[in-house]
Amino acid sequence: MWLAADYHFPSTYSCRIPMSSMSSAPVMPAPGPATVRLALIRTGIECFGLDAVREELFPVLRSAPVRVRPPERVAISQQVLRGYKWSEDKAKRRTAQESIIVREMAHAGGPMTVFLQVPEDFEQRLRVVLQAIGYWGQSSSLASFLGVTNSSPGAGESALPLSQLDGTFPLRPYFSCLAT
Amino acid sequence: MTENAREPIYEMSVNVRVSWQAHSLSTAGNNGSNRLLPRRQLLADKTETDAISGNIAKHHHAALVAEYFAADGSPLCPACRVGDGRRAAALIDRPDYQDLSKEEGQMIMKIPTRSGEYALCVRYHCVGIGADTERWILFVKNQAEREKRHRAVLRALRDSLVSPDGAHVATMLPHLTGLSGAITVRTGVGRSPLYSALEGDFITRLRAMADETCRVYAFETVDAFYTLMNDFIAMSVPALHPFWWSERAEQ
């Protein structure tokens, strides 16, 4: 069965494209499936404890199909920030190097929906976890839960792997990036 | 608030619309010129607006919390004790600070001054006081110590809104001309709702989310916010996660 959870982004957020540079970080318009899975695991531990997640929820979350419907409108700006990088000298002393980094920040108009296909036995527990999600990726990328329903993702609305892209849909509305 | 005396708080969120006039709280470098650039952000409705970085707000909040911790006798880590956020070069004796102090002559700089209404969201994870929230292990088992730290965090949060701090405040201390919004409180496991104050109906939206474990306290003025925060400082305590209840019962 499918669960569809809606989230509001109350402030700007920044889900970096995997394998992009830390010092010049482009972002995705919404978190990718891996970020969603990690957030569900982290929040699952908060709600049910490490043992319950390891034994019961993790096998489900690892294999559950995840679809992400981005907000209706997303604006992306580049922000200049102060960044720190640990480095080690010859005497093995660790020092923090300061530099200027550029990181994109996104602002959303409208809710984002996460679709998760799970076995019926897990529905109630995963509803609790979806409700307790507070951020995606960085803890400063705040997210606020709005509601959860039993509905499946519509065709052409969600992020998908290229291999699953329906050849009859135009590519233009898609934002292409390496997500996992 | 007072009727819920000493009620444990799991998480608190502050959703406010704040008006600051004639400030330069957050800038975005100078691009090699003698003109400091204001921070800008494109919004989803295609307008480009002035913005203030949350990083600088967190930096000043951390400094304020460290002051309150020191005043209360709460322990501070070596980095916090010296305000080491790598932002104050003088504090950590960096060589480039020495170079700066030797620089001769004055440079004329153009610093932008801005005014506006800003939407601000803060999430305070009260249950995480004295705990590792990755593995959910409670390290500070003395509840009185946790309460002291909780009060320090709330005081710093209150002060950072009623007495704004950021870049260039020595010469351009902002004029605070308005503060309204809502504080949401979650008393059990879960999130306290956050909703952007850029939306005109944000208080109505937040009020509609109130339930048995989620309380919403709206305010219209800076003094109402101050009074509300003082009530939380006096009457609230950080919640214990259910995983720690058995540990507490054994004590």
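This structure is a prediction, so every number in the text was calculated from the model and none was measured.

S.K.: Got a minute to help me understand the overall build of chain B in this structure?
M.R.: The secondary structure content of chain B amounts to seven helices and ten strands. Counting the 251 residues in chain B, one finds 30% classified as buried. The contacts of chain B with a sequence gap of at least 6 include a subset with a gap of at least 24, amounting to 73%.

S.K.: Hey, could you run me through the overall build of chain A in this one?
M.R.: Looking only at helices and strands, chain A has three helices and nine strands in total. Helices (α) and strands (β) of chain A occur, in sequence order from the N terminus, as β-β-β-β-α-α-β-β-β-β-α-β. Judged by the C-alpha coordinates and their principal axes, chain A covers about 55 × 45 × 30 Å. Across the 180 residues that make up chain A, the buried fraction comes to 33%. If you take every contact in chain A between residues at least 6 apart in sequence, the share linking residues at least 24 apart comes to 75%.

S.K.: How do you make sense of the interface of chain B and chain A when you look at a structure like this?
M.R.: Many authors give the size of an interface as the accessible area that is lost as the parts come together. Of the residues lining the interface, 25 residues belong to chain B; the matching set on chain A comes to 32 residues. Every element with two or more residues in the side of chain B that touches chain A is listed here: β3 (40–42), α1 (54–72) and β5 (114–124) of chain B. Tallying contributions element by element places β3(B) first for the side of chain B that touches chain A, with three residues. Here the side of chain B that touches chain A is composed, by residue class, of eleven nonpolar, six polar and eight charged.

S.K.: How should I be thinking about the environment of B:Leu228 in this particular structure?
M.R.: Residue and element names in this part refer to chain B. Examined against the element boundaries, Leu 228 turns out to sit in helix α6 (residues 222–235). The partly exposed category is assigned to Leu 228, around which 17 C-beta atoms lie within 10 Å. C-alpha of Leu 228 to C-alpha of Val 153: the two residues are 75 residues apart in sequence and 15 Å apart in space.

S.K.: What exactly am I supposed to notice about the packing of helix α1 (residues 33–48) of chain A against helix α2 (residues 50–63) of chain A here?
M.R.: For any two helices packed against each other, the geometry comes down to the angle between their axes and how far apart the axes lie. Residue and element names in this part refer to chain A. It is the contact of α1 with α2, at a shortest axis distance of 9 Å, that shows an interaxial angle of 150°. In terms of orientation, α1 lies roughly antiparallel with respect to α2. For the crossing formed where α1 meets α2, the hand is right-handed. Facing α1, whose interface residues are Arg 37, Leu 40, Ile 41, Gly 44, Ile 45 and Phe 48, α2 presents Leu 50, Ala 52, Val 53, Leu 57, Phe 58 and Leu 61. By residue class, the composition of the contact of α1 with α2 is ten nonpolar, one polar and one charged.

S.K.: What should I look at first to understand the environment of A:Val148 in this one?
M.R.: Residues and elements named next belong to chain A. Along the chain, the position of Val 148 falls in strand β9 (residues 144–149). Taking C-alpha positions, Val 148 is 19 Å from Leu 38, a pair spaced 110 residues apart along the chain. When residues no more than four places from it in sequence are discounted, the contact partners of Val 148 are Leu 3, Ala 4, Ala 5, Arg 127, Leu 130 and Gln 131.

S.K.: Just to check I follow, could you spell out the nonpolar core for this structure?
M.R.: Residue and element names in this part refer to chain B. Ranked by internal contacts, the top residues of the largest apolar core, which has 82 residues, are Cys 126 and Leu 157. Of all the elements, helix α4 (residues 143–162) adds the most residues to this core, at six residues. The contacts of Cys 126, once residues within four sequence positions are left out, are Ile 9, Tyr 10, Glu 11, Met 12, His 150, Pro 238 and Ala 239.

S.K.: What should I look at first to understand unusual backbone geometry in this one?
M.R.: Excluding glycine, residues mostly carry a negative phi; peptide bonds, for their part, are mostly trans. Residue and element names in this part refer to chain B. With a phi close to 55°, Asn 31 is a non-glycine residue in the positive phi region. Its location among the elements puts Asn 31 in the loop between β2 (11–23) and β3. Exposure remark for Asn 31: the 9 C-beta atoms within 10 Å place this residue in the exposed category. The phi dihedral of Lys 46 falls on the positive side, at around 75°, and the residue is not glycine. You can see Lys 46 is positioned in the loop between β3 and β4 (48–50). Using a count of 9 C-beta atoms within 10 Å as the deciding quantity, one classes Lys 46 as exposed.

S.K.: Would you mind showing me how to read the packing of α1(B) against α4(B) here?
M.R.: Residues and elements named next belong to chain B. Across the interface, α1 lies against α4 with an axial gap of 8 Å and an inter-helix angle of 135°. With respect to each other, α1 and α4 are oriented oblique. The element α1 and its partner α4 pack so that their crossing is right-handed. Of the residues in α4, those touching α1 at Ala 57, His 60, His 61, Leu 64, Val 65, Tyr 68, Phe 69 and Asp 72 are Lys 148, Arg 149, Ala 152, Val 153, Arg 155, Ala 156, Leu 157, Asp 159 and Ser 160. When grouped by side-chain class, the residues that make up the contact of α1 with α4 number nine nonpolar, three polar and five charged.

S.K.: Can you help me understand the sheet that holds strand β6 (residues 73–88) of chain A in this one?
M.R.: Strand pairing in a sheet relies on backbone hydrogen bonds, with the paired strands running either antiparallel or parallel. All names here are of chain A. Taken in spatial order, the three strands make up an open sheet running β3-β7-β6, and their pairing is mixed. Single-partner strands in this sheet number two, and they are β3 (24–25) and β6. Note: β3 against strand β7 (residues 94–109), two bridges, orientation parallel. Directly across from Ala 25, in β7, lies its bridge partner Arg 103.

S.K.: What exactly am I supposed to notice about the sheet that holds strand β8 (residues 175–186) of chain B here?
M.R.: Residue and element names in this part refer to chain B. The four strands are arranged β5-β2-β8-β9 in an open sheet whose pairing can be described as antiparallel. Two strands lie at the open edges of the sheet, namely β5 and β9 (214–219), each paired on one side alone. Within the sheet, the average angular offset between the axes of one strand and its neighbour, ignoring direction, is 15°. As judged from the ten bridges shared by β2 and β5, these two strands associate in the antiparallel manner. In the strand pairing of β5, Ser 19 is matched with Glu 117.

Thresholds applied
- Residues numbered from 1 in each chain as written.
- Chains lettered and ligands numbered in written order.
- Predicted model: local features only at pLDDT ≥ 70, side-chain atom pairs only at ≥ 80, totals over all residues.
- Helix = DSSP H or I, 4+ residues; strand = E, 2+ residues; numbered from the N terminus.
- Buried ≥ 20, exposed ≤ 12 C-beta atoms within 10 Å, placed from the backbone.
- Contact = placed C-beta atoms within 7 Å.
- Nonpolar A, V, L, I, M, F, W, Y, C, P; charged D, E, K, R; others polar.
- Axes fitted to C-alpha atoms, helices over the stretch in contact; angles between N-to-C directions.
- Parallel < 35°, antiparallel > 145°, perpendicular 65-115°, else oblique.
- Left-handed = near helix turned anticlockwise from the far one by under 90°.
- Core = buried A, V, L, I, M, F, W, Y, C linked by C-beta atoms within 7 Å.
- Pairing = 2+ DSSP bridges.

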